[in-house]
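# What the coordinates show
What follows is each chain in one-letter form.
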Amino acid sequence: MTTLFLLLALIATAGWITSTVSLRMKALETRADRLERRLGLVLEHFGIEEPEHPVTDDVRALLRDGRKIEAIKVYRQSTGAGLAEAKQAVEAIAVTEAV
């Protein structure tokens, strides 16, 4: 009986911690998005363009060869970006190359 109670308490505690961390992460993501938008406005106001990451030449070469997945992998390894961010960046590079 005591073991069952401890197990249930442990599960409830783990659930509470997980939800608390998830809420905090969402708040931090929202804040980071807001700061990125503000920084973008400041850069735009002063006419400053963000320099491209040097890896884009390698990514472009892979995209020209039709190797999109490898391009995403190279982008991730070089920048430390997550999968979704790298995919979005590589697709944006592909669009600018197609124009």
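It should be noted that the structure appears before, not after, this text.
What comes next concerns the included structure. Not measured: the values here are computed from a predicted model.

Parameters at a glance
- Residues numbered from 1 in each chain as written.
- Predicted model: local features only at pLDDT ≥ 70, side-chain atom pairs only at ≥ 80, totals over all residues.
- Heavy atoms only, no water.
- Salt bridge = Lys/Arg side-chain N within 4 Å of Asp/Glu carboxyl O.
- Helix = DSSP H or I, 4+ residues; strand = E, 2+ residues; numbered from the N terminus.
- Buried < 20%, exposed > 50% of the residue type's maximum accessible area, 1.4 Å probe, protein only.
- Patch = residues over 30% accessible without salt bridge, like charges linked within 9 Å, V, L, I, M, F, W, Y side chains within 5 Å.
- Areas by Shrake-Rupley, 256 points an atom, 1.4 Å probe, with all protein chains shown as cover.
- Core = buried A, V, L, I, M, F, W, Y, C linked by side-chain atoms within 4.5 Å.
- Contact = heavy atoms within 4.5 Å.
- Axes fitted to C-alpha atoms, helices over the stretch in contact; angles between N-to-C directions.
- Parallel < 35°, antiparallel > 145°, perpendicular 65-115°, else oblique.
- Left-handed = near helix turned anticlockwise from the far one by under 90°.
- Nonpolar A, V, L, I, M, F, W, Y, C, P; charged D, E, K, R; others polar.

### Observations concerning the pattern of salt bridges
- In total, this model carries five salt bridges according to the counting rule given.
- With its nearest N and O atoms 2.5 Å apart, the salt bridge here joins Glu-70 to Arg-67.
- Two residues, Glu-91 and Lys-87, come together in a salt bridge whose shortest N-O distance is 2.7 Å. One end of the pair, Glu-91, and the other, Lys-87, are both in helix 4 (residues 83-98), four residues apart, so they sit about a helical turn from each other.
- Lys-87 sits in the partly exposed class, given a relative accessible area of 39%.
- Taken together, the shared-partner salt bridges connect Asp-65, Arg-67 and Glu-70 into one network.

### Comments concerning a nonpolar patch on the surface
- A cluster of nonpolar residues, Leu-4, Leu-7, Leu-8, Leu-10 and Ile-11, forms a patch on the protein surface that exposes about 510 Å² of accessible area.
- With respect to the element layout, Leu-8 can be found in helix 1 (residues 2-45).

### Side note on the nonpolar core
- Ranked by size, the top nonpolar core spans twelve residues in total: Val-55, Val-59, Leu-62, Leu-63, Ala-71, Ile-72, Tyr-75, Ala-81, Ala-86, Ala-89, Val-90 and Ile-93.
- Breaking this core down by element, the ones donating at least two residues are helix 2 (56-64), helix 3 (68-79) and helix 4.
- No other element matches helix 4, which puts four residues into this core.
- Not counting the four nearest positions on each side in its chain, Ile-93 is found in contact with Thr-56, Val-59, Arg-60 and Leu-63.

### Overview of the packing of helix 3 against helix 4
- As a packed pair, helix 3 and helix 4 sit with axes 9 Å apart at the nearest point and diverge in direction by 120°. As the angle between them shows, helix 3 and helix 4 are arranged oblique. Of the two possible hands of crossing, helix 3 and helix 4 adopt the one that is right-handed. Counted together, Lys-68, Ala-71, Ile-72, Tyr-75 and Arg-76 of helix 3 and Leu-83, Ala-86, Lys-87, Ala-89, Val-90 and Glu-91 of helix 4 form the full contact between these two elements.
- When grouped by side-chain class, the residues that make up the contact of helix 3 with helix 4 number seven nonpolar, no polar and four charged.

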